Amino acid sequence: MTSSIKDAIIQLQELFQALIRDGLKANRRPARNQIRGPHSALTDFLASNNISAAQIHEDYQRRLREAENHAGEEQERQQEQAAENDEYEDNVGESPEEKKKRKRKEATTLAKIKQSKEFARRKARRIGEPDDDDDFIAREMMDERSRPVPGQLENCEICSKRFTVTPYSKTGPNGGLLCAKCSKEVNDKEKKAQPKKRGPRTGRRQNQSDLLDHIAQEGALSLAEMCTKKVADNINDIEEFGDLPWQLLRRLSQILSKRRALTPRTLNLFLRSDLGFIDISDSGKLETDDFQKIFTFMPALTSVNLRFAGQLKDNVIDYMLDRNLNIQHLQLDAANLVSDLRWRQVFQKFGNKLETLRLSNLDFSLDDQTVEVMCNSCTGLRRLKLSQCWKMSDRSLQAISTLPSLEHLSLNMIKETVPENLLELVAKVGSNLRTLSLQGFPTADDTLLEAIHDKCTHLTKLRFSENSTCTDKGFTKLFENWSNPPLEIVDLSSMRDVDNTNPDGPTDATGLASNGFIALMRHSGSSIRKLNIASCRHVSYAAFEEVFAEDKTYPNLRELDVSFHTVMDDYLMGRIFRSCPAIRHVIAFACFNVREARVPKGASLIGGLRAQDPILAEA
């Protein structure tokens, strides 16, 4: 409030007091018949205080003119500042010098705003949001400073109503200000459209994925695991790993591969000349030059594991052959751009050194002739895995049967083969095998199980899956009176009749059924660590009750997959947890009767409909 307004109010108060006094005096004085002209008490008061009515009117008109001039100047200042803040539109009559001066002034203002505490607080509140850019926040604050100050009059952007600006006036969609009514309506619409914020939480799907990958554990993570994940979270800010132990390097490679974050830049962090291995589970983002770089900077390589190596080409193989590396363990996946000629050269070059060879997902190369070259050159192979190699057929089986030192064999065929060739393979190399994995042999029958029973006497792992020809009697004979020591890892998944019109199966059960399952657990139950019988749907309820009876204990069983066993229920699941004190993972997808199973502490049930979190089992 200005001093002139205060003076006017004081004068009015004195005037009203004088009028009241004159009225009281008039009531006390007797009436006189004197005529004094046009003078009144107000006139006498103004005259006694040297106050002129004309002067009051003139002062009032002057204040109005000053207010109008001030409003006009304020409007012009706002228009000029808005024009200065617009970086996308240039004034038509603006000279280049004025334009440069305006932009320098704007840059200086933005720099000062970015150094303020209010800018830091506002940026901290918007971290992770789409509008967290520094320039956007600074320009927004500069625009706010150009808004009309509280106390001034402004027109509402929506309803054009004249209102007084307050510190709480809301900005409209076009940058103008809103009155209180329109502000409330806009707030109501935003609240309805804005979804409710939820606190950070880990989804059930992610939990199940972690459990299936065996990376979840009870309680807090170890310090090494926490540091490893922190490094992986900030991998783009790291310049080198230094002398990080090879175990942590391998763990970092696994985490980055799962996140699909292993790029040409992050690959450089793993290229150390003193390391003898390269282990990358996902090379999908690497280019041809990156693979060549691996063999350039790592001359001491003895173990190579590159999966999803889609850009590994012949020129990289040529470079690898010229480097005279001492590669003993080779695993390549999806290297479809490598020709058969280069594969043969690799086998001939490293044949006397190779001990482990794993090749998978090859649909362009590795035909029967190449496999024959491999078997003739790599006579020292102890571990061989050929999975999803489309060109392999019976000739490849015959060639593999000639490998004299083979101890670990894994085959997953695409082409259908003759059962006799597979029998010959088992007969020739079965006596030395420690692990045997056979997938993709739908025509194999009980004679194969008899050959395994007779020839394989040193197995610790047996995988035979995706077959609907072998019978339950064949599996029973395999495990009864078998001279092989108890197995540690067994995978007999998808061994069942596939006639959906007869879900109970034929009278003579096809695939692994009740008797075969009981015979398996009698033979290997004392040592088995991992068991997969998923989709063997002909195992009965009574068989599960007998195997996991109260007097039966399987001290080493840690992982069990009973998915798609419709007879499984909460009672049988409780029997499993009681009979297997070391159990850690039970997978039970599509077991619809498993609803309220009580899961012991330290164990996990994956796939149950409403499986509770790990809780203490009742005594």
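**As for the overall build of the protein chain**
Point 1. For the protein chain, the count of helices and strands is 22 helices and 15 strands.
Point 2. Within the protein chain, the fraction of its 619 residues that count as buried is 40%.
Point 3. A sequence separation of at least 24 residues applies to 67% of the contacts in the protein chain between residues at least 6 apart.
Point 4. Surface summary for the protein chain: the accessible area is close to 35,700 Å², and the carbon and sulfur share equals 50%.

**Comments concerning helix α13 (residues 314-322)**
Point 1. Within the span of α13, buried status applies to Val 316, Ile 317, Met 320 and Leu 321. Viewed along the axis of α13, the buried residues span an arc of 140 degrees, placing them on a single side of the element.
Point 2. Where α13 is buried, its residues touch α12 (288-297) and α14 (340-350).
Point 3. Following α13 by one or two positions, Asn 324 has its phi on the positive side, about 55 degrees.

**Overview of the side chain of Ser 465**
Point 1. With respect to the helices and strands, Ser 465 occurs in strand β10 (residues 461-465).
Point 2. Side chain to side chain, Ser 465 and Gln 439 meet in a polar contact 3.4 Å long.
Point 3. Once you skip the residues sitting within four places of it in the chain, Ser 465 turns out to touch Leu 438, Gln 439, Gly 440, Ser 493 and Met 495.

**Quick notes on the packing of aromatic side chains**
Point 1. On inspection of all chains with the given rule, the structure shows six aromatic pairs.
Point 2. Taking 6.1 Å as the distance between ring centres and 65 degrees as the angle between the ring planes, the aromatic pair formed by Phe 479 and Trp 482 counts as edge-to-face. For the pair shown, Phe 479 and Trp 482 are each scored as buried.
Point 3. Judged by centre distance (5.8 Å) and plane angle (75 degrees), the ring pair of Phe 548 and Tyr 554 falls under edge-to-face.
Point 4. Look at Phe 548 and you get buried, because its relative accessible area is 2%.
Point 5. Among the residues examined, Tyr 554 registers a relative accessible area of 5% and is labelled buried.
Point 6. The residue whose ring lies beneath Arg 250 is Phe 277, and the NZ or CZ to ring-centre distance is 4.2 Å.
Point 7. The ring of Phe 364 carries Lys 391 above its face, with NZ or CZ at 5.7 Å from the centroid.

**Here's the deal with helix α9 (residues 223-233)**
Point 1. Within α9, the full set of buried residues consists of Glu 225, Thr 228 and Ala 232. Considered in projection along α9, the buried side chains sweep an arc of 65 degrees and stay on one side of the axis. Those residues of α9 that are exposed and angled more than 90 degrees off the buried face are Leu 223 and Lys 230.
Point 2. Residues of α9 that are buried sit in contact with α10 (246-258).

**So, unusual backbone geometry**
Point 1. Positioned with a positive phi, Phe 308 is a non-glycine residue whose angle comes to about 55 degrees.
Point 2. Among the structural elements, Phe 308 can be located in the loop between β4 (303-306) and α13.
Point 3. According to the relative accessible area criterion, Phe 308 is partly exposed, its value standing at 46%.
Point 4. At Ala 334, a position not held by glycine, the phi torsion is positive, near 60 degrees.
Point 5. Residue position: Ala 334 is located in the loop between β5 (329-333) and α14.
Point 6. A residue is classified by how much of its surface remains accessible, and Ala 334, at 18% relative accessible area, is buried.

**Brief notes about the packing of α13 against α14**
Helix packing for two helices is described by the angle between their axes and how far apart those axes are.
Point 1. Two numbers describe how α13 lies on α14: the axes approach to 10 Å, and their chain directions differ by 15 degrees. As the angle between them shows, α13 and α14 are arranged roughly parallel. For the crossing formed where α13 meets α14, the hand is left-handed. Where α13 abuts α14, its residues Asp 314, Ile 317, Asp 318, Met 320 and Leu 321 lie against Arg 342, Gln 345, Val 346, Lys 349 and Phe 350.
Point 2. Of the residues contributing to the contact of α13 with α14, the split by class is five nonpolar, one polar and four charged.

**Here we look at the packing of α12 against α13**
Point 1. Across the interface, α12 lies against α13 with an axial gap of 9 Å and an inter-helix angle of 10 degrees. Accordingly, the angle class assigned to the pair α12 and α13 is roughly parallel. Residues Thr 288, Phe 291, Gln 292, Phe 295 and Thr 296 of α12 lie in contact with α13, whose contacting residues are Asn 315, Val 316, Tyr 319 and Met 320.
Point 2. Looking at the contact of α12 with α13, its residues break down into five nonpolar, four polar and no charged.

**Focus on the pattern of salt bridges**
Point 1. Per the stated rule, a full pass over the model turns up 15 salt bridges.
Point 2. When the shortest N-O distance is used, the salt bridge between Arg 260 and Asp 282 registers 2.8 Å. Here the residue Arg 260 occupies a position in the loop between α10 and α11 (264-267), and Asp 282 occupies one in the loop between β3 (277-280) and α12, the gap between them amounting to 22 residues.
Point 3. Residue classification places Arg 260 among the partly exposed positions, given a relative accessible area of 46%.

**A few points about the environment of Leu 512**
Point 1. Inspection of the secondary structure assignment puts Leu 512 in the loop between β11 (489-491) and α20 (514-524).
Point 2. The exposure class assigned to Leu 512 is buried, which follows from its relative accessible area of 0%.
Point 3. Leu 512 sits 26 residues away from His 538 along the chain, and the two C-alpha atoms are 7.1 Å apart.
Point 4. Once residues lying within four places of it in the same chain are set aside, the contact partners of Leu 512 are Asp 472, Phe 475, Leu 492, Met 495, Phe 517, Ile 533, Cys 536 and Val 539.

Cut-off values and rules
Residues numbered from 1 in each chain as written. Predicted model: local features only at pLDDT ≥ 70, side-chain atom pairs only at ≥ 80, totals over all residues. Heavy atoms only, no water. Helix = DSSP H or I, 4+ residues; strand = E, 2+ residues; numbered from the N terminus. Buried < 20%, exposed > 50% of the residue type's maximum accessible area, 1.4 Å probe, protein only. Contact = heavy atoms within 4.5 Å. Areas by Shrake-Rupley, 256 points an atom, 1.4 Å probe, with all protein chains shown as cover. Arc of directions from axis to C-beta. Polar contact = N/O pair within 3.5 Å; in protein donor to acceptor, adjacent residues only side chain to side chain. Phe/Tyr/Trp six-rings, centres within 6.5 Å; stacked < 30°, edge-to-face > 60°. Lys NZ or Arg CZ within 6 Å of the ring centre and 35° of its normal. Axes fitted to C-alpha atoms, helices over the stretch in contact; angles between N-to-C directions. Parallel < 35°, antiparallel > 145°, perpendicular 65-115°, else oblique. Left-handed = near helix turned anticlockwise from the far one by under 90°. Nonpolar A, V, L, I, M, F, W, Y, C, P; charged D, E, K, R; others polar. Salt bridge = Lys/Arg side-chain N within 4 Å of Asp/Glu carboxyl O.

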